[in-house]
Amino acid sequence: MGRLLLFIVLPLLVVVSLVTVMLTRSLPRTDGTLTVAGLEHDVRIERDASGVPHIQASSEHDAFFAMGYAHAQDRLWQMDFRRRLGSGRLSEILGKDSLATDKLMRTLGLYRSSQAALAALTPADRDALRAYADGVNAWIGADLPLPPEYYYFGIRPEPWAEADSLLMIKLLALSLGGNYKEELANQILVKHLGSKRASELLGKDFSAPPTELSAALSGNLHALVASAEARGGLAGVGVGSNAWAVSGRLTASGKPLLAGDPHLRVQLPTTFYLADIDAGDLHVSGATLPGLPVVVFGHNRDIAWTGTNLEADVQDLYVEHTSIDKEQYETADGWRAFDVHDEWIKVAPAFPASLREPYRPIRWRVRSAVQGPLISDVFGAGDNEAVALRWTALDPDDTSFGSFLAINRARNLDQFRAALKGFVAPALAFVYADSAGHVAMLAAGRIPIRGQGRGMLPSPGWVDAYAWKGSIDNDQLPSVIDPASGMVVSANQRFFADDYPYSISTSWQPEYRAQRITAMLQALVGKGHRIEPADFARIQQDTLDTQAGELLPFLRRQQGRDGRERDAITQLAHWDGDMALDSVGASIYYAWSRHFMRRLVEGPLRVEMVNGQWLDTLRDQSETFEPAFLKRVVSGELPDWCSVGDGACDQVALTALDDALAELGRLDGRRMTGWQWGDMQQLILPHTPFTASPFLSTLFDRRSPVAGGRYSVNVSMDAFSEERGYVKVLGAAYRQIVPLADPAASRFVLDAGQSGNVIDAHYVDMRDIYSRGEYVRLDRGATGQTRVLLLKPVGEVAR
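All figures in this text were calculated on a predicted structure; none of them were measured in a lab. (Residues numbered from 1 in each chain as written. Predicted model: local features only at pLDDT ≥ 70, side-chain atom pairs only at ≥ 80, totals over all residues. Heavy atoms only, no water.)

A. How the structure looks around the overall build of the protein. Secondary structure summary: the protein contains 25 helices and 31 strands in total. In terms of C-alpha radius of gyration, the protein reaches 27 Å, essentially the compact-globule figure of 28 Å for 799 residues. Scored against the burial criterion, the 799 residues of the protein give a buried share of 59%. In the protein, the proportion of contacts linking residues at least 24 apart, taken out of those at least 6 apart, comes to 71%. As displayed, the protein offers around 30900 Å² of accessible surface, 52% of which is attributable to carbon and sulfur atoms. For the protein, the centre of its 80 positive side-chain charges and the centre of its 96 negative side-chain charges are spaced 3 Å apart. (Helix = DSSP H or I, 4+ residues; strand = E, 2+ residues; numbered from the N terminus. Rg over C-alpha atoms; globule rule 2.2 N^0.38 Å. Buried < 20%, exposed > 50% of the residue type's maximum accessible area, 1.4 Å probe, protein only. Contact = heavy atoms within 4.5 Å. Areas by Shrake-Rupley, 256 points an atom, 1.4 Å probe, with all protein chains shown as cover. Lys, Arg positive; Asp, Glu negative; His and termini not counted. Charge placed at Lys NZ, Arg CZ, Asp CG, Glu CD.)

Okay, here's the thing in structure tokens:
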């Protein structure tokens, strides 16, 4: 026993103590006085009980410097990881498994386009970026203890640069714009199913024949791109948001109210970071993106704004005919040489690195056509074919950062609209309200005008008619300003008339969320109720999935073939579509609807061995919920999908019900009456990148039951696995409610917490608040501060 204590227990206690001390020292200093180079005057950073910094500065320069300092204190690892992701440098720390992601990012050239875009910004925009970078670097240069991820990988952060901040916007655009992957998937489905069936399944017109593209290239490229983006936490089915505003004539205060909740892939640290910045004429509060000095969604003294994914098609793929030596490609004007340059990718050796030979840097050749980079090179193009990507976010004159900065400074609707003129990517539908009483919904972003083609399938790069013909003028982008109804609602749906002259998108989200929000607002108004912030909070928490109402009558009228089926149908007879935590009906319906979709498409999507490269894409499609398709099936419009024979769809429905009941029984061994949705669906907040490690994920990930469904306002998009069941992968990362009568009384909340450090009290401390439908205030007088850090310029004495 003595030897056990001496040689095992005691050393283990010493190691644990040392690790605890090291981790504790990695927490940022948030009180006292520090002297830093780069400031012009003193700055106060007051952190409230939720860890939100309230920055008080005498100039915008110093405020942006302090924002950079605070971001570095709380989210440096997140900023650094995303910088590595966007610049194609993950392999330097994660090893060879990240090579595909790095090759894709190097080929896309996000960082090169970020560097190029600096030249398009005004001197004032550059000054803001430079001040922010100086703030980040002031913390990095102080040689303070780092977050634990740095010690795990044995690296130190590199200085922050202005282009790094622009890269954060490019990555957001990549997360919200997945049309190029959709084009590849459409190509595969049209070739596999034929244009008629593909049109029925996806609800689009694929009557035009697709451009020829080999099965190997289309299938492998789609799988590789989807995997590479998912590894970086970028991809997400149904990425969207909710946003709405009502005019003062409908509210108790007589001033407008605005609400917003952006939907993004769940992750740790979470996407947004709350901040309050007070710098003379600029006083702005809300959600920032770590890496940027501005508030992305929030309010200032006079206006409030939020936004949703416009779902705009701003990406097109072009099939290129290449020469035998692959040095040239065909254009309408003849053959042209590719633009080519080499990049070098460093790759970390596998663990344990000290016992392995280091890898030599890999030379990666990036080729570009006039339409854009050849993303097919990431997979390896076939003979005489390649695929190029045209995307607005890669344009060298991207001034989106300047637009965000101008939005922060805007005082009225005219100034807000002027700020949007320079907005390029990501394409957003902004929802706006101001103290003067205006409410509006405004499309923003560079939207291409196409000649031939609709952007649903890859186009022939050698045919000039398919090239872009410019972009929609900002003054002609869709907008709704002060409507007679007194309300504007955006939930990624089409919000403009059918006679609008330009094509924005063919991939609008279903209107369930928008219709539900509108109905709840109209119900309040119809009762003569004057709308208050608490009403908006209840709407953001709403878990009714109105899509279920389209399929429930069909399922309820089925005649169960045994007692279990009949019991399940009885449960659904009393269920109203609410995806609440304690709902049994929610569990049965969700599982049944998933299996019903799979049963309908599994035969048609079965892969021929000759086209095995399509396996991943077709399997993903079988797990993709298509509500418009299902509605047509149960109404009898598409009987062929249920095979042949009377009552065939009924039999498919009951077989799917058997599948669902067997699955729920495996996930929860209790009787059917105990299958509550909160036990079947869980939220796993995955740490980037430690969620990939079975051991580290237990320390860094966080789990909890979660309510909501695919199309509820309180949305929950799932990925199913046999081991974990239904796991939420996408939802509202942030919520805000702004009363323009008193913007200081605005409500905010994150889905996790302010800090990226696992041992910080603010790592996930907002999660419970968020789940209960509660919020925090960013008004210093309301919250009370617990810590004050005073930053002084060099030349003054620090305490």
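B. Molecular detail of the nonpolar core. Membership of the largest hydrophobic core comes to 181 residues, with the highest contact counts inside it found for F401, F416, F430 and L521. Element by element, the count of residues in this core is highest for helix α2 (residues 60-87), at 13 residues. When near neighbours in sequence (up to four residues on either side) are disregarded, F401 contacts L121, D125, A128, L129, L166, I169, L292, P293 and V294. (Core = buried A, V, L, I, M, F, W, Y, C linked by side-chain atoms within 4.5 Å.)

C. Just the side chain of R106, in detail. Mapped onto the elements of the fold, R106 is located in helix α4 (residues 99-108). Separated by 3.0 Å, the side chains of R106 and E343 make a polar contact. If we skip the residues at most four places from it in the chain, R106 touches S87, G88, R89, R112, E343, W344, I345, W364 and V366. (Polar contact = N/O pair within 3.5 Å; in protein donor to acceptor, adjacent residues only side chain to side chain.)

D. A look at the sheet that holds strand β16 (residues 385-391). Pairing is mixed in the open sheet, where three strands are placed in the order β16-β10-β20. The sheet is open, and its two edges are formed by β16 and β20 (459-460), each paired on a single side. In this sheet, β20 lies alongside strand β10 (residues 315-321) in parallel orientation, the contact comprising two bridges. Within β20, the position partnered with Y318 by the bridge is S459. (Pairing = 2+ DSSP bridges.)

E. How the structure looks around a nonpolar patch on the surface. There is a patch of nonpolar side chains on the surface, built from M1, L4, L5 and I8 and spanning about 430 Å² of accessible area. Structurally, M1 can be placed in the segment before α1 (2-25). (Patch = residues over 30% accessible without salt bridge, like charges linked within 9 Å, V, L, I, M, F, W, Y side chains within 5 Å. Salt bridge = Lys/Arg side-chain N within 4 Å of Asp/Glu carboxyl O.)

F. Molecular detail of the environment of S400. Mapped onto the fold, S400 is located in helix α12 (residues 400-409). Using a relative accessible area of 1% as the deciding quantity, one classes S400 as buried. Taking the C-alpha atoms as reference points, S400 and K421, separated by 21 residues in sequence, lie 9.1 Å from one another. Polar side-chain contacts of S400 include one of 3.0 Å to the backbone nitrogen of V424.

G. Representation of the pattern of salt bridges within the structure. Applying the stated criterion to the full structure yields 49 salt bridges. A salt bridge links D464 to K469; the shortest N-O distance between them is 3.8 Å. K469 gets classed as partly exposed once you look at its relative accessible area, which sits at 42%. E623 serves as the salt-bridge partner of R598, at 3.4 Å between the closest nitrogen and oxygen. One end of the pair, R598, is in helix α18 (residues 584-601); the other, E623, is in the loop between α19 (615-622) and α20 (627-634), and 25 residues separate them in sequence. Among the residues examined, R598 registers a relative accessible area of 32% and is labelled partly exposed. According to the relative accessible area criterion, E623 is partly exposed, its value standing at 38%. Through salt bridges with shared partners, one network takes in D80, R83, R84, R89, E92, E158 and D164.

H. Inspection of the environment of R25 at higher detail. Locating R25 in the fold gives a position in helix α1. Look at R25 and you get exposed, because its relative accessible area is 54%.

I. The arrangement of the state of the cysteines in detail. Under the criterion given, the structure shown has one disulfide. With a sulfur-sulfur separation of 1.9 Å, C642 is cross-linked through a disulfide to C649. One disulfide, between C642 and C649, carries an S-S torsion of 95° and so falls in the right-handed class. The class of C642 is buried, set by a relative accessible area of 2%. (Disulfide = S-S within 2.5 Å.)

J. Structural detail: the packing of aromatic side chains. Enumeration according to the criterion identifies 31 aromatic pairs in this entry. Between the aromatic rings of Y152 and F153, the centroid separation amounts to 5.0 Å while the plane-to-plane angle is 90°, which identifies the pairing as edge-to-face. Taking 5.7 Å as the distance between ring centres and 85° as the angle between the ring planes, the aromatic pair formed by F495 and F496 counts as edge-to-face. You can call F495 buried: its relative accessible area is 15%. The structure contains a cluster of three or more aromatic residues connected by ring pairs, namely W77, F81, Y150, Y152, F153, F690 and F700. The side chain of R197 reaches across the aromatic face of W641, ending 4.3 Å from its centre. (Phe/Tyr/Trp six-rings, centres within 6.5 Å; stacked < 30°, edge-to-face > 60°. Lys NZ or Arg CZ within 6 Å of the ring centre and 35° of its normal.)

K. Layout of the sheet that holds strand β15 (residues 372-373). With respect to topology, three strands assemble into an open sheet ordered β13-β14-β15, the strand pairing being antiparallel. Both outer strands of the open sheet, β13 (339-345) and β15, are each paired with one neighbouring strand and no more. One ladder, built from two bridges, connects strand β14 (residues 362-369) with β15; its direction is antiparallel. In the sheet register, A369 faces β15, and the bridge partner there is G372.

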